[in-house]
Amino acid sequence: MTKQHTLANPVSVSGVGLHTGVRVNLRLCPAPANTGVVFRRTDLDGFVIEAQARNVARVSYATSLMKKGVLISTTEHLLSALAGLGIDNTVVEIDNLELPILDGSARWFVELINQAGLRRQRARRSFVRILKPVEVVDGMKRIVVYPADSFRITYRISFPHPLIGAQSIDFDSASSDYATEIAPARTFGFLEELEMLRKNGLIRGGSLENAVVLDRTGVINPEGLRFPDEFCRHKLLDLIGDFSLLGHPLLGHVVAERAGHALHAQLVSRLLQEKQSWKLVSAPEATEKPISEPTPAFLATQAQ
Ligand SMILES: [Zn+2]
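My aim in this report is to walk through the structure given alongside it, one point at a time. (Residues numbered from 1 in each chain as written. Predicted model: local features only at pLDDT ≥ 70, side-chain atom pairs only at ≥ 80, totals over all residues. Heavy atoms only, no water.)

## Quick notes on the side chain of Ser-126
One can find Ser-126 in the loop between strand S9 (118-124) and strand S10 (127-130). Among the polar contacts listed, one links the side chain of Ser-126 to the side chain of His-248, at a separation of 2.9 Å. (Helix = DSSP H or I, 4+ residues; strand = E, 2+ residues; numbered from the N terminus. Polar contact = N/O pair within 3.5 Å; in protein donor to acceptor, adjacent residues only side chain to side chain.)

Written as structure tokens, this is what we have:
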């Protein structure tokens, strides 16, 4: 828990991107301590984009990263699986601009990481410990993070749909099991919105194989749902991926109401601006001792 982890072996998977529909090969490779999660576009001479909030591109339907005009799209499910399983350091090689959507959840990524195995590293992990609440409100949407001794999330959604309605779920990194409770939850969309998304050039790779699709009364996927509250679980899955862009695991309780990628990203960037609201600590049980090891540039002023 207090040490950094990487993968024991490289592992690969192929698939199509949800929005672009293009075929992509993805390879997860072991990486040295303090590397963080780093993407490499092998089709662009190995161009590197760090999975850090400063590289977030646009966050409407997916969390994409951009650096010097180079894009990596739909990163959130892989980032969620890496964070959910405690991988601090990995180089993610891809040969196209969008990650594979696979089955629309993080389950395949979890299987891939388990197949690779974890390797404990010598360096200690550092955590972003929340010291006082930070909130972002946008009309009926709201997201706030409170101090806590583990990474906790309470997610509430409300859709005027007979199958969804009001749903709420709690996750605690200290007691919940990410792989079984969160990772299998698939992304979802409403049939009446799909045509609009297609017209905007999105979801070209979308199908019932990689998303839950709802009509006015229910789910049109023949296999039905994986959990009665699969929708809320998937929102929480996305939040874990989006919050990993802080660059360190969080010690705080995030409460999200009707939120989504845009609001997740706003809270992350608010946190990075309001540096007095948190501090970097070397372990959850440590007495908030600031770390002295090298940290990413955006946190350098905080760690002294
Ligand atoms: Zn998602």
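## A few points about the pairing of strand S12 (residues 141-147)
The two faces of the sheet receive side chains in turn, since in a regular strand these alternate between them. Judged from the five bridges that link them, strand S11 (residues 134-138) and S12 form a sheet pairing that is antiparallel. From the neighbouring strand, Val-136 faces S12, where its bridge partner is Ile-143. Taken together, S11 and the strand that follows it, S12, pair antiparallel across an intervening segment of two residues, in which Gly-139 is found at a positive phi of about 60°. Bridge count for S12 against strand S17 (residues 250-257) is six bridges, and the pairing is antiparallel. By the bridge assignment for S17, Val-144 is matched with Val-255. (Pairing = 2+ DSSP bridges.)

## Points about unusual backbone geometry
Although it is not a glycine, Asn-34 sits at a positive phi angle of roughly 65°. Judged by relative accessible area, which is 40%, Asn-34 ranks as partly exposed. Phi is positive for Thr-74, close to 55°, though the residue is something other than glycine. By the element assignment, Thr-74 lies in the loop between strand S7 (70-72) and helix H1 (76-84). (Buried < 20%, exposed > 50% of the residue type's maximum accessible area, 1.4 Å probe, protein only.)

## Digging into the packing of aromatic side chains
Enumeration over the complete set of coordinates arrives at four aromatic pairs. Relative to Phe-188, the ring of Phe-159 has its centre 5.9 Å away and its plane inclined at 85°; by these criteria the two rings are edge-to-face. With a gap of 29 residues between them, Phe-159 in strand S13 (residues 151-159) and Phe-188 in strand S15 (residues 188-190) connect regions that are remote in the sequence. Ring geometry for Phe-188 against Phe-231: centres 5.0 Å apart, planes inclined by 85°, an arrangement best described as edge-to-face. (Phe/Tyr/Trp six-rings, centres within 6.5 Å; stacked < 30°, edge-to-face > 60°.)

## Here's the deal with the packing of H1 against helix H2 (residues 107-116)
The geometry of H1 relative to H2 is characterised by a closest axis approach of 9 Å and an angle of 45° between their N-to-C directions. With respect to each other, H1 and H2 are oriented oblique. For the crossing formed where H1 meets H2, the hand is right-handed. For the pair H1 and H2, the contacting residues are His-77, Leu-78, Ala-81 and Leu-82 in the first and Phe-109, Val-110 and Ile-113 in the second. Broken down by class, the residue content of the contact of H1 with H2 amounts to six nonpolar, one polar and no charged. (Axes fitted to C-alpha atoms, helices over the stretch in contact; angles between N-to-C directions. Parallel < 35°, antiparallel > 145°, perpendicular 65-115°, else oblique. Left-handed = near helix turned anticlockwise from the far one by under 90°. Contact = heavy atoms within 4.5 Å. Nonpolar A, V, L, I, M, F, W, Y, C, P; charged D, E, K, R; others polar.)

## Concerning the sheet that holds strand S8 (residues 90-94)
Taken together, five strands build an open sheet; the order of strands is S2-S3-S8-S4-S5 and the sheet is mixed. For this open sheet the edge positions go to strand S2 (11-16) and strand S5 (47-50), each flanked by a neighbour on one side alone. Pairs of neighbouring strands in the sheet enclose a mean axial angle of 25°, with direction left out of account. Sheet topology note: the strand S3 (residues 23-30)/S8 ladder contains five bridges and is antiparallel. Within S8, the residue paired with Pro-30 across the bridge is Thr-90. The sheet contacts of H1 involve S3, strand S4 (37-41) and S8, and relative to S4 the element is tilted by about 145°. The sheet contacts of H2 involve S2 and S3, and relative to S2 the element is tilted by about 160°.

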